[in-house]
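Working through the structure, step by step
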Amino acid sequence: MAVCWAAHGYCQDHWTLVTEDAGYQVVATDVLDGTKFYFVTTNGGGTRSGRTAY
């Protein structure tokens, strides 16, 4: 999983492995309040679902 910054049109230059049974995973730090972002995933196809906390 990677985080993309909506206002800037680019994504992180690294990926964080997030597995189904891993619990909480940190995918970005030091994100300023009010920053608009979204997540992208790759590998495996199919439907992805999950929860976010920030």
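1. Here we look at the state of the cysteines
Inspection of every chain in the model, using the stated rule, returns one disulfide. Residue pairing for Cys-4: its cysteine sulfur links by disulfide to Cys-11, the two sulfurs lying 1.8 Å apart. Across the S-S bond of Cys-4 and Cys-11 the torsion is about 90°, and the bridge reads as right-handed. With a relative accessible area of 0%, Cys-4 lands in the buried category. A relative accessible area of 34% means that Cys-11 is categorised as partly exposed.

2. Re the environment of Cys-4
Along the chain, Cys-4 turns up in strand β1 (residues 2-5). On a C-alpha basis, the gap between Cys-4 and Lys-36 in space is 8.7 Å, while along the polypeptide they are 32 residues apart.

3. Topic: the sheet that holds strand β2 (residues 10-11)
Taken together, the three strands give an open sheet; going across it, the order is β2-β1-β3, and neighbouring strands pair in antiparallel fashion. The open sheet terminates on both sides in strands that have one partner only, identified here as β2 and β3 (37-40). Taken together, the four bridges between β1 and β3 define a ladder with antiparallel strand orientation. Counterpart to Trp-5 in the pairing with β3 is Phe-37.

What counts and how
- Residues numbered from 1 in each chain as written.
- Predicted model: local features only at pLDDT ≥ 70, side-chain atom pairs only at ≥ 80, totals over all residues.
- Heavy atoms only, no water.
- Disulfide = S-S within 2.5 Å.
- Buried < 20%, exposed > 50% of the residue type's maximum accessible area, 1.4 Å probe, protein only.
- Helix = DSSP H or I, 4+ residues; strand = E, 2+ residues; numbered from the N terminus.
- Pairing = 2+ DSSP bridges.

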